Amino acid sequence: MATRVKPVAPEHLGERAADLFGERFGTVPDGVWIAPGRANLIGEHIDYTGAKTMPFALPYATAVAVRVHSHDRLRVASTAYEDVWEGAVSEVEPGHPNGWPAYVAGVPWAMTYHDTIARMPGLDIAVHSSVPEGAGLSSSAALESAVALAIAELFGAATDDAGRRTLARDCVTAENIVAGAATGGMDQSVALRARQGRVMLLDCSSFAVEYLSLDLAAAGLALLVINTNAPHRLVDGGYALRRSTVERVWSGIGRAAVSEGTDIDEVLRRAAVDDPMLTGALRHVLTEIRRVDAVAALLRAGELAAIGSHLTASHASLRDDLVVSSVELDCAVAAALAAGALGARMIGGGFGGSVLALVRLDHIGLTLESVRRAAHDAGLPEPDFLHATPSGAARRVC
Ligand code: GLA
C-alpha cells in the first residue's frame, strides 16, 4: 500500500531548526519563524498575466531560526545540506550567491533594495523544512517568506496584511533578481497571506484577496497531493520559456478579451497568431481564466464536488495547449481519475513535480494504490502522497 506523508507539527519543525542553529553556530537564535509550501486549486501559469489564481497553503512548512549580527556576514545552515554557506553581506547581488543560499541571501538584499528595511543585516540562519524540494510545492517561496517575516519582525517592518503584501513583493524580487528564477507572485503571496481552511482568490494585478471556504471533510471529500518524485526546477529553461511565450501573446490581448460572454475562438481568430505554440498558450490563458471564475462560483455556492471537472480540464489545457506537463504527471492524473477521483491536475510550473486530486474520502486508499501501481507499471519513480488541507500563513513559532 502506498504511503501518505504525515505533516510535521510546526513546533517540531521549529525545534529542529533551533537545534541545528545551536549545533552550527554554538548559540541560541533570536527567534524561529515558519512559512508553508502551497498547492494551487486552479489558475495555473496565469499569475504573471495579472489574472486570478486560487492557491492555498499546505500543512508542510519551512522553519528558519535567525539571529541578527552587527558584523558583515551571512551564514546559512540547513538540515538538507552538510556545509554552512557563508558570505559577506556586501557581496550579495544579482546572480550571487548561486543555488539554494540565493533564496535566503536574496531576501534581505531585496528588502533593502525596496527600502522595506534600511540596511542589509548580518545574520546567522538555520533552516529545516518539511516541504519536499523539487516537488512543485514552492519550497523556495516558503524559505524566502520565512526569512522575510523573520527580518521584518526583527527590524520593525510592518507585518499586517499590507506589510505581508510588501514582503511578498520583496521575495519575488529576491527570486527573480538574485536567484534568477522568473516566477510570478502567487507562491510568495500564499506563503505570507494564506488562511486556515480557506483558498485565496488572489488577483495577481492588484494582489487583493478574497478568501473562500474549502471545507472538504464536511462534503465527504479530500484533496491529495501526489508528488511524482520527478523533479521540477524553476531555474531550468522550460518555465521561463513558457512565461515569455504567454507574455508575448498576452500583451496584445489583455483582460478585456475575457469578459463574460466573449467567444474564445473569436478572440483567437482576432489575435491572428499563426504559430501553434502561441495559439496554444493564448488558448490556455483564456480558458484557465474562465475556469477560475467557474470554480470560484462553485465554491461560493458550496458545490465542492462539481469543481472536479474543471481541475481535469485545466490539466488537459496545461498538457495539450501550454505543453508543460510530463509523462509522470499525466500518468498520475490518469490513474487517479481511473480510480474514481472527481478531478485531477498538475500544479505549479510543470515539467515534473506534483498533481492535485479531488477524491471522495472513502476512495483515498483506492486512489493511492492505483497511482502507485500505474507509476510502477510504467517504470516511473514511486510517488509520495501528501495531505492537502488548507493551512495557515507564515508566523513566528518561538
Ligand atoms: C511557479 C511560479 C508561480 C506560477 C506557477 C504556475 O510556481 O512560481 O509564480 O507561475 O509556477 O502557475
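Everything below is about the structure shown above.
The structure displayed is predicted, hence computed values, not measured ones.

Trainee: What's the story with the sheet that holds strand β9 (residues 209-213) in this structure? I'm lost.
Mentor: Working definition: the strands of a sheet are paired by backbone hydrogen bonds and lie parallel or antiparallel to each other. On the basis of which strands lie adjacent, the open sheet formed by 3 strands has the order β3-β8-β9 and antiparallel pairing. Edge positions in the sheet fall to β3 (52-53) and β9, since each has one partner strand and no second. When β3 meets strand β8 (residues 198-203), the two strands line up antiparallel, connected through 2 bridges. Residue pairing across strands places Lys52 opposite Asp203, the latter belonging to β8. Along the sheet face, helix α8 (residues 276-300) touches β3, β8 and β9 and points at about 50 degrees away from the line of β9.

Trainee: Please clarify how the packing of aromatic side chains should be interpreted in this entry.
Mentor: Given two aromatic rings, one states the distance between the centres and the angle between the planes to describe the pair. A complete count under the given rule lists 4 aromatic pairs for this structure. Seen from their ring centres, Tyr48 and Tyr239 are 6.1 Å apart, and the 85 degrees between their planes marks the pair as edge-to-face. With Tyr48 in the loop between β2 (31-40) and β3 and Tyr239 in helix α6 (residues 237-251), this residue pair connects regions lying 191 residues apart in the sequence. As far as burial versus exposure is concerned, Tyr48 and Tyr239 are alike and both buried. Relative to Tyr113, the ring of Trp109 has its centre 5.2 Å away and its plane inclined at 15 degrees; by these criteria the two rings are stacked. Residue Trp109 and its partner Tyr113 are located together in helix α2 (residues 102-113), separated by 4 residues, close to a single helical turn. Here the basic side chain of Arg195 rests over the ring of Tyr211, its NZ or CZ set 3.8 Å away from the ring centre.

Trainee: Got a minute to help me understand the packing of helix α3 (residues 139-154) against helix α5 (residues 186-193) in this structure?
Mentor: When two helices pack together, their arrangement is given by the angle between their axes and by how far apart the axes lie. For the pair α3 and α5, the least separation of the axes is 9 Å and the interaxial angle reads 50 degrees. Classified by the interaxial angle, the pair formed by α3 and α5 is oblique. Crossing angle aside, the handedness with which α3 passes α5 is right-handed. Facing Ala141, Glu144, Ser145 and Leu149 of α3, the residues of α5 in contact are Asp187, Gln188, Ala191 and Leu192. Grouping the constituent residues of the contact of α3 with α5 by class yields 4 nonpolar, 2 polar and 2 charged.

Trainee: Would you mind showing me how to read the environment of Val209 here?
Mentor: Assignment of secondary structure puts Val209 in strand β9. Counting along the chain gives 15 residues from Val209 to Ala194, while the straight-line C-alpha distance between them is 9.6 Å. In this structure, Val209 is in contact with Arg193, Met200, Leu201 and Leu202, ignoring residues within four places of it in sequence.

Rules used throughout
- Residues numbered from 1 in each chain as written.
- Predicted model: local features only at pLDDT ≥ 70, side-chain atom pairs only at ≥ 80, totals over all residues.
- Heavy atoms only, no water.
- Pairing = 2+ DSSP bridges.
- Helix = DSSP H or I, 4+ residues; strand = E, 2+ residues; numbered from the N terminus.
- Contact = heavy atoms within 4.5 Å.
- Axes fitted to C-alpha atoms, helices over the stretch in contact; angles between N-to-C directions.
- Phe/Tyr/Trp six-rings, centres within 6.5 Å; stacked < 30°, edge-to-face > 60°.
- Buried < 20%, exposed > 50% of the residue type's maximum accessible area, 1.4 Å probe, protein only.
- Lys NZ or Arg CZ within 6 Å of the ring centre and 35° of its normal.
- Parallel < 35°, antiparallel > 145°, perpendicular 65-115°, else oblique.
- Left-handed = near helix turned anticlockwise from the far one by under 90°.
- Nonpolar A, V, L, I, M, F, W, Y, C, P; charged D, E, K, R; others polar.

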